[in-house]
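Chains, contacts and geometry: an overview
Read off the chains here:
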Amino acid sequence: MVLTAGIVSGLAGLLSSAGGSNLPGAVLTGGAAFAGTVGLLLGVAHWAKAGV
């Protein structure tokens, strides 16, 4: 989960930077993408475990 979230956050930060955002804005975008991805994957893992 953390590896996937790290890749997503890195890509989000790069896209934000390429779109003209400054460095602190790109870091915040990457952090928000990381947190959102981890939350989504934890929810999917919980749902998959509860379905068994």
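These lines cover the structure that appears in this document, whether it is placed above or below. Note that the structure is predicted; figures quoted are calculated from it, not measured.

1. A few points about the overall build of the chain
Looking only at helices and strands, the chain features two helices and zero strands. Against the compact-globule benchmark of 10 Å for 52 residues, the chain has a radius of gyration of 13 Å, which places it well outside the compact range. The principal-axis extent of the C-alpha atoms belonging to the chain is close to 45 × 15 × 15 Å. Per-residue burial for the chain yields a buried fraction of 19% across its 52 residues. When the accessible surface of the chain is split by element, carbon and sulfur atoms take 77% of a total near 3700 Å².

2. Concerning helix H1 (residues 2-18)
For H1, spanning 17 residues, the distance from its first C-alpha to its last is 24 Å, which sits close to the expected 24 Å at 1.5 Å a residue. Those residues of H1 that fall on the buried side of the exposure criterion are Ala5, Ser9, Ala12, Gly13 and Ser16. For H1, the buried positions fall inside an angular range of 100 degrees around the axis, keeping them on one side. Counted as exposed and oriented over 90 degrees from the buried face of H1: Leu3, Ile7, Leu14, Leu15 and Ala18.

Procedures and definitions
Residues numbered from 1 in each chain as written. Predicted model: local features only at pLDDT ≥ 70, side-chain atom pairs only at ≥ 80, totals over all residues. Heavy atoms only, no water. Helix = DSSP H or I, 4+ residues; strand = E, 2+ residues; numbered from the N terminus. Rg over C-alpha atoms; globule rule 2.2 N^0.38 Å. Buried < 20%, exposed > 50% of the residue type's maximum accessible area, 1.4 Å probe, protein only. Areas by Shrake-Rupley, 256 points an atom, 1.4 Å probe, with all protein chains shown as cover. Expected span 1.5 Å × (residues − 1). Arc of directions from axis to C-beta.

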